[in-house]
Amino acid sequence: LDAAETLAARGISMEVIQYFQIAPLDPQPVLASVKKTGRLLVLEDCVACGGAGQRLAAALAQAGVSPQALVL
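Calculation criteria
Residues numbered from 1 in each chain as written. Predicted model: local features only at pLDDT ≥ 70, side-chain atom pairs only at ≥ 80, totals over all residues. Heavy atoms only, no water. Helix = DSSP H or I, 4+ residues; strand = E, 2+ residues; numbered from the N terminus. Rg over C-alpha atoms; globule rule 2.2 N^0.38 Å. Buried < 20%, exposed > 50% of the residue type's maximum accessible area, 1.4 Å probe, protein only. Contact = heavy atoms within 4.5 Å. Core = buried A, V, L, I, M, F, W, Y, C linked by side-chain atoms within 4.5 Å.

Now for the overall build of the protein. Broken down by element type, the protein carries 3 helices and 0 strands. Element order for the protein, N to C, with α for helix and β for strand: α-α-α. Its C-alpha atoms give the protein a radius of gyration of 12 Å, within 12% of the compact-globule value 11 Å for 72 residues. Taking the principal axes of its C-alpha atoms as reference, the protein extends roughly 35 × 25 × 20 Å. Residues counted as buried form 22% of the 72 residues belonging to the protein. Long-range pairs, those at least 24 residues apart, make up 58% of the contacts in the protein with a sequence separation of at least 6.

This is the structure in structure tokens:
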């Protein structure tokens, strides 16, 4: 939520999707949001490899969805 507030202060709107479980991970809410907004920011506190961000990136690639790069 802090990231959403920081981005909102810069004029960038976003949706916040919170997962309460990552196995199995349902990528559909994120796919729908990225298709609508064109952006994805994943914040997670976990291992460097094999986390939710990596799974979401794979799901986006399989769906042919590519978020735009945003440099702040």
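There is more to say, and it comes next.
Let us look at the side chain of Ser33. Its location among the elements puts Ser33 in helix H2 (residues 28-37). The exposure class assigned to Ser33 is buried, which follows from its relative accessible area of 7%. Those residues within four positions of Ser33 in sequence are excluded, and the remaining contacts are Glu15, Ile17 and Gly38.

Grouped together as the largest cluster of nonpolar side chains are 7 residues: Leu25, Val30, Leu31, Val34, Leu56, Leu60 and Val65. Mapped by element, the contributors of at least two residues to this core are H2 and helix H3 (52-63). It is H2 that contributes the most residues to this core, 3 residues altogether.

Honestly, it's all geometry; don't read function into it.
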